[in-house]
Amino acid sequence: MQTSLRKITFLGGTETVTGSKILIDAIDKRILIDCGLFQGLKELRKLNWAKFSVPPESINEVILTHAHLDHTGYLPLLVKNGFKGPVHCTLPTRDLTEIILFDSAKIQEEDASRAEKYHYSKHEHPQPLYTIQDVVETLPLLVSHELHEWVLLSKDLSFQFQNNGHILGSAFVELMINGKTIVFSGDIGKQHPMLMYPPKKIKNADYLVLESTYGERLHEEEPVKNLLLNIIEETLDRKGILMIPSFAVERAQEIIYLLYQLEKEQKLPKIPIYLDSPMGVKTTSVYDSFRDWQNISRHDAENMYDQVHFITNFEQSKAIVQNKEPKIIIAGSGMMEGGRILHYLNNHIENERNTLLFVGFQCQGTRGRSILEGSDSIKFFGEYRKVKCQIRSITSLSAHGDQEDILKWLRNFEKPPKTTFINHGEPHQSDALRAKIEHELGWNVKVAKMNVPYELS
Ligand SMILES: [Zn+2]
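Residues numbered from 1 in each chain as written. Predicted model: local features only at pLDDT ≥ 70, side-chain atom pairs only at ≥ 80, totals over all residues. Heavy atoms only, no water.

### Structural notes on the nonpolar core
Thought 1: Within the largest apolar cluster, 49 residues are counted, with the highest numbers of intra-cluster contacts made by Leu259, Ile328 and Ile330.
Thought 2: The element best represented in this core is helix H7 (residues 251–264), accounting for 8 residues.
Thought 3: Residue contacts for Leu259: discarding those within four places in its chain leaves Leu228, Ile232, Leu268, Ile273, Gln307, Ile328 and Ile330. (Core = buried A, V, L, I, M, F, W, Y, C linked by side-chain atoms within 4.5 Å. Buried < 20%, exposed > 50% of the residue type's maximum accessible area, 1.4 Å probe, protein only. Helix = DSSP H or I, 4+ residues; strand = E, 2+ residues; numbered from the N terminus. Contact = heavy atoms within 4.5 Å.)

### Quick look at empty space enclosed by the protein
Thought 1: Here the structure, examined in full by the defined rule, presents 3 cavities of 30 Å³ or more.
Thought 2: Along the walls of the largest cavity sit 15 residues, with Ile22, Asp34, Gly186, Val209 and Asn423 positioned nearest its centre.
Thought 3: Residue contributions to the lining of the largest cavity peak at 3 residues, all from strand S11 (residues 207–211).
Thought 4: Here the residues of the lining of the largest cavity sort into 5 nonpolar, 7 polar and 3 charged. (1 Å grid on protein atoms, 1.4 Å probe; cavity = no way out; pocket = protein on both sides within 12 Å on 5 of 7 lines; lining within 4 Å. Points joined across faces, edges and corners; volume = space filled by probe spheres on them. Nonpolar A, V, L, I, M, F, W, Y, C, P; charged D, E, K, R; others polar.)

### Examining the sheet that holds strand S7 (residues 151–154)
Thought 1: Strand order across the open sheet formed by 7 strands is S7-S8-S9-S10-S11-S20-S21, with mixed pairing between neighbours. Of all the strands in the sheet, just S7 and strand S21 (445–447) have a single pairing partner and so form its edges. Neighbouring strand axes in the sheet, compared pairwise and without regard to direction, differ in orientation by 20° on average.
Thought 2: As defined by bridge partners, strand S20 (residues 419–423) adjoins S21 across 3 bridges and the pair is classed as parallel. From the neighbouring strand, Ile422 faces S21, where its bridge partner is Val447.
Thought 3: Packed onto the sheet, helix H13 (residues 403–410) meets strand S9 (171–177), strand S10 (180–184) and S11 and runs at close to 165° relative to S11. (Pairing = 2+ DSSP bridges. Axes fitted to C-alpha atoms, helices over the stretch in contact; angles between N-to-C directions.)

### Here we look at a positive patch on the surface
Thought 1: Together, Lys42, Arg45, Lys46 and Lys122 give the surface a local cluster of positive charge.
Thought 2: Mapped onto the elements, Lys46 comes out in helix H1 (residues 42–47). (Patch = residues over 30% accessible without salt bridge, like charges linked within 9 Å, V, L, I, M, F, W, Y side chains within 5 Å. Areas by Shrake-Rupley, 256 points an atom, 1.4 Å probe, with all protein chains shown as cover. Salt bridge = Lys/Arg side-chain N within 4 Å of Asp/Glu carboxyl O. Lys, Arg positive; Asp, Glu negative; His and termini not counted. Charge placed at Lys NZ, Arg CZ, Asp CG, Glu CD.)

### Re the packing of helix H6 (residues 224–237) against H7
Thought 1: Here H6 crosses H7 at 80°, and the two axes come no closer than 10 Å. Comparing the axis directions of H6 and H7 gives the class roughly perpendicular. Between H6, through Val224, Lys225, Leu228, Leu229 and Ile232, and H7, the contact on the second element is made entirely by Leu258, Leu259, Gln261 and Leu262.
Thought 2: Of the residues assigned to the contact of H6 with H7, the class counts are 7 nonpolar, 1 polar and 1 charged. (Parallel < 35°, antiparallel > 145°, perpendicular 65-115°, else oblique.)

### Quick look at the domain arrangement of the protein chain
Thought 1: As far as domains go, the protein chain holds domain 1 (5–217 + 401–455) and domain 2 (224–397).
Thought 2: Of the roughly 2,700 Å² buried where domain 1 meets domain 2, counting both sides, 71% is carbon and sulfur surface.
Thought 3: Counting every contact that joins domain 1 to domain 2 gives 1 salt bridge.
Thought 4: Here the element with the most residues in the side of domain 1 that touches domain 2 is helix H4 (residues 91–117); it accounts for 7 residues.
Thought 5: Split into classes, the residues belonging to the side of domain 1 that touches domain 2 amount to 16 nonpolar, 7 polar and 5 charged. (Domains from an automatic or database assignment. Buried area = accessible area lost by both parts, 1.4 Å probe.)

### Regarding the side chain of Thr18
Thought 1: Here Thr18 is to be found in the loop between strand S1 (5–12) and strand S2 (21–26).
Thought 2: Judged by relative accessible area, which is 1%, Thr18 ranks as buried.
Thought 3: Reaching out from Thr18, the side chain makes a polar contact with the backbone nitrogen of Gln39 at a distance of 3.1 Å.
Thought 4: In this view, Thr18 contacts Gly12, Gly13, Leu37, Phe38, Gln39, Leu44, Asp70 and Cys363; residues no more than four positions away in its chain are not counted. (Polar contact = N/O pair within 3.5 Å; in protein donor to acceptor, adjacent residues only side chain to side chain.)

### Regarding the coordination of the zinc ion
Thought 1: Here the zinc ion is held by His66 (NE2), His68 (ND1), His166 (NE2) and Asp187 (OD), and the distances to it run 2.2 to 2.3 Å.
Thought 2: Given 4 donor atoms and angles of 92 to 165° at the metal, the environment of the zinc ion is assigned as irregular.
Thought 3: With relative accessibility at 0%, the residue His66 sits in the buried group.
Thought 4: On the accessibility criterion, Asp187 (1% relative accessible area) is buried. (Donors = N, O, S within 2.8 Å, 3.2 Å for Na, K, Ca; no water. Tetrahedral: all angles 85-135°; square planar, octahedral: opposite > 155°, others 65-115°.)

### Details of the layout of surface pockets
Using a probe with the size of a water molecule, rolled over the atoms, empty space left in the structure can be pinpointed.
Thought 1: Of the pockets and cavities examined, the second largest pocket occupies roughly 510 Å³.
Thought 2: Forming the boundary of the second largest pocket are 18 residues, of which Lys190, His219, Glu220, Ser396 and Asp405 lie nearest the centre.
Thought 3: In terms of residues, the lining of the second largest pocket owes the most to one element, H13, which gives 3 residues.
Thought 4: Looking at side-chain class alone, the lining of the second largest pocket contains 6 nonpolar, 4 polar and 8 charged residues.

### Some thoughts on H13
Thought 1: H13 sits mainly inside the fold: 6 of its 8 residues count as buried.
Thought 2: Turning to H13, its buried residues number three or more, namely Gln403, Asp405, Ile406, Leu407, Trp409 and Leu410.
Thought 3: In this structure, the buried side of H13 is in contact with S9, S10, S11 and helix H14 (427–441).

### Some words on the pattern of salt bridges
Thought 1: In total, this model carries 23 salt bridges according to the counting rule given.
Thought 2: Two residues, Glu438 and Arg434, come together in a salt bridge whose shortest N-O distance is 2.7 Å. Here the residue Glu438 and the residue Arg434 both occupy positions in helix H14, the gap between them amounting to 4 residues, near one helical turn.
Thought 3: Taking relative accessible area as the criterion, Glu438 reaches 33% and is therefore assigned partly exposed.
Thought 4: Taking relative accessible area as the criterion, Arg434 reaches 22% and is therefore assigned partly exposed.
Thought 5: Put simply, Glu440 and Lys436 hold a salt bridge, and the shortest N to O gap is 3.3 Å. With Glu440 and Lys436 both in helix H14 and 4 residues apart, this pair spans about one turn of that helix.
Thought 6: Accessibility expressed as a relative area gives 38% for Glu440, which makes it partly exposed.
Thought 7: Three or more residues joined by partner-sharing salt bridges are found here, namely Asp288, Arg291, Arg298 and Glu302.

Next up, the structure:
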């Protein structure tokens, strides 16, 4: 039987930036692009527990655009519930996914045992969504491929990865079914990413699936290095602590790279810098082992981490948390939903000398989002703390392109795709991008809706 396109269904990553899962039904094959976890709002997280829309064993292949949890975090559950096929990804994505999934399983297990201990679940024995053992069983399914290597899945079905500049190992997926191409943007990096190479220009697609995290926004124009330096200097003038909640993947390394550049230019004041994140430290060693994937000089790649204290030991971390001396702390998690940053905030958020600096996207329903939106008190470890420290934000550090970056990338297409499906964005972001593309490029654009099958031909 000849494989040909039939339909595309978005099982997540619509009206939200989390839970990305895109199901492609061909005549005799079923493919899932990304397998992400829902995060943030409770109604979204509940979807992780719902029955999967199709029997997991009916899916033939999974292809991952990159390692972030909102694109990979559901994999162990898919495998636990019957998926047995290969999970295709790039080599760095494989290594980063391993770190991310183990961390996620550990959090799931800890949450379940805490819920049991303090009786805040309606279940007598609350269960984790998945366990470390489920991750152990998932990892052997990961198969890695080079960029620009056409991978033949069957006679009429193949795909290739192309660099998309978002994080280490991230890629566009070009899926070719019987001569028709669907391009999945994954999360698109900026036109000039800090560490990665710029997104590959793509010229043709019959269909395009396009993210819209910053579909409406434009990043600041001022160089991020100057913005960061100003924030460091003003914090130091107050003899304060600069707390930077950071994603372990890419963002932590970018901040370290900026600090390294400031140091090289002899602009960085004397101040201790800590990366207090076991996951951040592990991730950094993956970055260090894939230097060829990064658009920075060999000298910089070798030296950029020298001035940072890497903290993995909990006792050491506790001592740094207690110390009130000025310092720069980079710690997870990026949206303040867990991790060691909570201990720093719990101890230092009520002091106006200190600064809390946002350097990444904050999902609805997270502590990060509510502080960013002006909440004056936030709960840590069961107690409310007043938000008195200075709040700063640098949005241009995002690993996502802004509206202009996306438009620039789209202008590389020689002719419009038949349909461009917009996903991975909060509603106003997706809609703003739809309107912009329709208006500027005259393309046929649809904002994807969850669980609605769209016919392809
Ligand atoms: Zn991402």
